[in-house]
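Each chain is listed here by its residues.
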Amino acid sequence: MQEHRALFVIFGGTGDLAKRKLYPSLFRLFRKGNIATHFAVIGTARREWSNDYFREIIKTAIEPLEPTKEEEEAFVQHFYYQSHNVTNTEEYTVIKTLADRLDEQYEIGGNRLFYLAMAPNFFGVITRHLKSEEIITNNGFNRLVIEKPFGSDYESARLLNEEIREVFEEDQIFRIDHYLGKEMIQNISAIRFANNMIESLWNNRYIDNVQVTLAESLGVEERGGYYDKSGALKDMIQNHALQIVSLLAMEPPRIFDDEEIRQEKIIALRSIRILSEAEVDQFFVRGQYSAGKLKDDTFAAYHDELNVAPDSRTETFVAGKLLIDNFRWAGVPFYIRSGKRLTEKGTRINIVFKPVPVNIFRENEATRKIKGKDVLTIYIQPTEGFSLTMNGKEIGPSFSLAPIKLDYRHSADALENSPEAYERLLLDCLNGDATNFTHWDEVAQSWRIVDVIRQAWDKDTAAIPSYAAGTMGPDEAFQLLEKDGHDWIWQPDAWYRERGYLTD
Ligand SMILES: NC(=O)C1=CN([C@@H]2O[C@H](COP(=O)(O)OP(=O)(O)OC[C@H]3O[C@@H](n4cnc5c(N)ncnc54)[C@H](OP(=O)(O)O)[C@@H]3O)[C@@H](O)[C@H]2O)C=CC1
Ligand SMILES: O=C1O[C@H](COP(=O)(O)O)[C@@H](O)[C@H](O)[C@H]1O
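These numbers come from a predicted model, not from an experiment.

**Overview of the site of ligand 2**
Neighbouring ligand 2 are Lys148, His178, Tyr179, Lys182, Glu216, Arg223, Asp235, Met236, His240, Lys340, Lys345 and Gln381. Between Lys148 and ligand 2, the recorded distance is 2.8 Å, taken from a side-chain N or O atom to an oxygen atom. Lys182 places a polar side-chain atom, nitrogen or oxygen, 2.6 Å from an oxygen atom of ligand 2. Here ligand 2 has 390 Å² of accessible area as a free molecule, and 80% of this is covered by the chains. Per-element tally for the shell around ligand 2: the top contributor is helix H9 (residues 224-249), with three residues. In terms of residue class, the shell around ligand 2 is built from two nonpolar, three polar and seven charged.

As structure tokens, this is what we get:
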């Protein structure tokens, strides 16, 4: 395996993301030999930490990966900490001096990867200084990795992008959407474009509706301060949900490379209908969790969470219907939903096929149970795989239909060796492969889609629908589909039992 040479400069090096995701991912790359000898990591933030203390933090961060003592020591020797306030110009010289020294010491050849694991309001000031203080190099690659949220609406994102583009070219910018690093999200393209039986049905003649659910059982935990200003629309829909929809809806790229895929995703996003403010209520619903109970656990209401305003009107749940105005998808609703404190954690895509044109079988209990529709389910997480629910003949002398389910899941062994999303994305970035990162045009179009919804909701003074923690969202989210004659395929088992249907 070829070792990558790089100096990682992690702004926000003391933060939650760095500790929980970045350091363990770097360790996994180290363990696999993707980075070995010629790399170094500078962690930087305001806190006054020593190198030794920083290395102890790194050891704690990688503890769950059970490194040997030798691995741990060898790894942490590459880590250096530099206290630094990003708003203070003078302090950048210490970063430059350290970066140049480490570059020489580890024979890195000028390759630099700047990871901005900080609030977006700092992105502009950091990138400006990377240039003015000559921290970007002339002899290797310079890549900028940026976390979400990229702006808080189209206008702020545009300004942010302009600031960054004064220093970095688009092909040097890697905007992270960590869902794009997930195994099964990447599998969407394989399922679609490597199977004629799937791709030939992938259009409005055969598909009735598409459902994308990003459910979380957790609440806002310690992130109330951030989340209360963001809400589910900006936190999950603008980025992860729309990225998934673009992968499902895009046309087949000419070849499977980053440039072609991005082009097709952008076209798909541009085909999503932008609502008028007056239409928003017909297409989108929101909700906020109230206190609730699931099994033996009881949960507080959202407005009682840490750092959340007691009278907060922030949505913790969104469900919506997207219409895609092109030949392939006209008339097929794409339903999306995401929320915190739902029944369970999981991301699933349900592709619901149209029933056969004529039902030649007599309507009976079995056909009623499956409602006559075939469903392809793509399980993104925590279980990974896909299933096809379809109709078959019930075993026995009489002829009656029975639902059958072809079910494939990745094995636990395979999953253990599968890279974690951040590990995969960091490696892509070292390889200069931007396939699984979001291009500015995608970000811009996603903001245009959600900005209208946000504006309509901000003007609306009516009470926000609530849902009890531990349920699958407010009643309005179910009514959204019912009024179109559909149901969410992913329902709690009890929902299926009550109606005598086959469980999903
Ligand atoms: N945590 C997560 O799971 C996820 C986070 N993100 C995004 O990643 C980014 C970071 O999030 P997260 O790690 O949770 O945030 P944290 O609040 O935990 O970390 C913020 C970091 O910024 C540093 N910092 C703040 N102000 C300054 C300053 N003036 N100069 C230098 N350093 C400063 C802080 O260190 P210090 O106080 O020592 O200066 C800290 O290291 C955010 O954009 C977030 O939206 C995205 C997806 C998931
Ligand atoms: O980006 C975010 O994603 C997480 C959910 O990510 P997952 O990989 O655990 O599904 C979400 O909790 C967080 O609020 C959001 O900022």
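**Overview of the packing of aromatic side chains**
Tallied over the full model, the rule gives 25 aromatic pairs. Arranged with centres 5.4 Å apart and planes meeting at 40 degrees, the rings of Trp49 and Tyr81 form a pair that is tilted. Of this pair, Trp49 sits in the loop between strand E2 (39-45) and helix H2 (51-62) while Tyr81 sits in strand E3 (residues 79-83), placing them 32 residues apart in sequence. In this structure, Trp49 and Tyr81 share a single accessibility class: buried. The residue whose ring lies beneath Arg175 is Phe150, and the NZ or CZ to ring-centre distance is 5.1 Å.

**Regarding the side chain of Asp177**
As for its position among the elements, Asp177 is in the loop between strand E6 (173-175) and helix H7 (183-193). No salt bridge is formed by the buried Asp177. Its closest oppositely charged neighbour is Lys148, at 7.7 Å.

**Section: unusual backbone geometry**
In this structure, the amide linkage connecting Lys148 to the following residue, Pro149, adopts the cis form with an omega of 0 degrees. Relative to the helices and strands, Pro149 resides in the loop between strand E5 (142-146) and helix H6 (154-165). Between Gln381 and the following residue, Pro382, the backbone shows a cis peptide bond with an omega angle of -5 degrees. A positive phi is found at Asn307, a non-glycine position, where the angle reads about 65 degrees.

**Focus on the UniProt feature "domain: Glucose-6-phosphate dehydrogenase NAD-binding" (unreviewed entry) in the chain**
Sites flagged by UniProt as "domain: Glucose-6-phosphate dehydrogenase NAD-binding" (unreviewed entry) map to residues 9-187. Taken end to end, residues 9-187 has its terminal C-alpha atoms 31 Å apart, with 43% of it in helix and 16% in strand.

**Notes on the pattern of salt bridges**
Inspection of every chain in the model, using the stated rule, returns 30 salt bridges. A salt bridge links Lys340 to Glu216; its shortest N-O distance comes to 2.9 Å. In this pair, Lys340 sits in the loop between strand E12 (334-339) and strand E13 (346-353) while Glu216 sits in the loop between strand E7 (207-215) and H9, placing the two residues 124 residues apart along the sequence. Across the pair, exposure class does not vary: Lys340 and Glu216 are buried alike. Of the charged contacts, one joins Glu277 and Lys459 as a salt bridge, the two residues approaching to 2.8 Å between their closest N and O atoms. Of this pair, Glu277 sits in the loop between helix H10 (258-271) and helix H11 (280-283) while Lys459 sits in helix H15 (residues 440-459), and the two are 182 residues apart along the sequence. Taking the relative accessible area as the measure of exposure, Glu277 reaches 31% and is therefore partly exposed. A relative accessible area of 59% places Lys459 in the exposed class. Where salt bridges share partners, they join Arg165, Glu169, Glu170 and Arg175 into one cluster.

**Overview of the packing of H10 against H15**
Between H10 and H15, the shortest axis-to-axis distance is 9 Å and the interhelical angle comes to 15 degrees. On the basis of their axis angle, the class for H10 and H15 is roughly parallel. Classified by chirality, the crossing of H15 by H10 is left-handed. For the pair H10 and H15, contact is made by Arg262, Lys265, Ile266, Leu269 and Arg270 and by Asp441, Glu442, Gln445, Ser446 and Ile449, respectively. Of the residues assigned to the contact of H10 with H15, the class counts are three nonpolar, two polar and five charged.

**Some points on the site of ligand 1**
In the vicinity of ligand 1 lie 21 residues, with Thr14, Asp16, Arg20, Arg46 and Arg47 positioned nearest. Thr14 has a polar side-chain atom sitting 2.6 Å from an oxygen atom of ligand 1. One nitrogen or oxygen atom from the side chain of Arg47 is found 2.7 Å from an oxygen atom belonging to ligand 1. A total of 880 Å² of accessible area belongs to ligand 1 in isolation, and the protein chains cover 81% of it.

**Some remarks on the UniProt feature "binding site: substrate" (unreviewed entry) in the chain**
When the UniProt feature table is mapped to this numbering, "binding site: substrate" (unreviewed entry) covers His178, Lys182, Glu216, Asp235, Lys340 and Lys345. The topology assignment puts Lys182 in the loop between E6 and H7. For Lys182, the residues in contact, after removing those within four places along its chain, are Ile380, Gln381 and Ala421. Residue placement: Asp235 occurs in helix H9. Those residues in contact with Asp235 that sit more than four places away from it in its chain are Lys148, Tyr226, Tyr227, Ser230, His240 and Lys340. In terms of polar contacts, Asp235 uses its side chain to reach the side chain of Tyr226, at 2.6 Å.

What counts, and where the lines are drawn
Residues numbered from 1 in each chain as written. Chains lettered and ligands numbered in written order. Predicted model: local features only at pLDDT ≥ 70, side-chain atom pairs only at ≥ 80, totals over all residues. Heavy atoms only, no water. Near = heavy atom within 4 Å. Polar contact = N/O pair within 3.5 Å; in protein donor to acceptor, adjacent residues only side chain to side chain. Areas by Shrake-Rupley, 256 points an atom, 1.4 Å probe, with all protein chains shown as cover. Helix = DSSP H or I, 4+ residues; strand = E, 2+ residues; numbered from the N terminus. Nonpolar A, V, L, I, M, F, W, Y, C, P; charged D, E, K, R; others polar. Phe/Tyr/Trp six-rings, centres within 6.5 Å; stacked < 30°, edge-to-face > 60°. Buried < 20%, exposed > 50% of the residue type's maximum accessible area, 1.4 Å probe, protein only. Lys NZ or Arg CZ within 6 Å of the ring centre and 35° of its normal. Lys, Arg positive; Asp, Glu negative; His and termini not counted. Salt bridge = Lys/Arg side-chain N within 4 Å of Asp/Glu carboxyl O. UniProt positions renumbered as here; feature names shortened; annotations may be inferred. Axes fitted to C-alpha atoms, helices over the stretch in contact; angles between N-to-C directions. Parallel < 35°, antiparallel > 145°, perpendicular 65-115°, else oblique. Left-handed = near helix turned anticlockwise from the far one by under 90°. Contact = heavy atoms within 4.5 Å.

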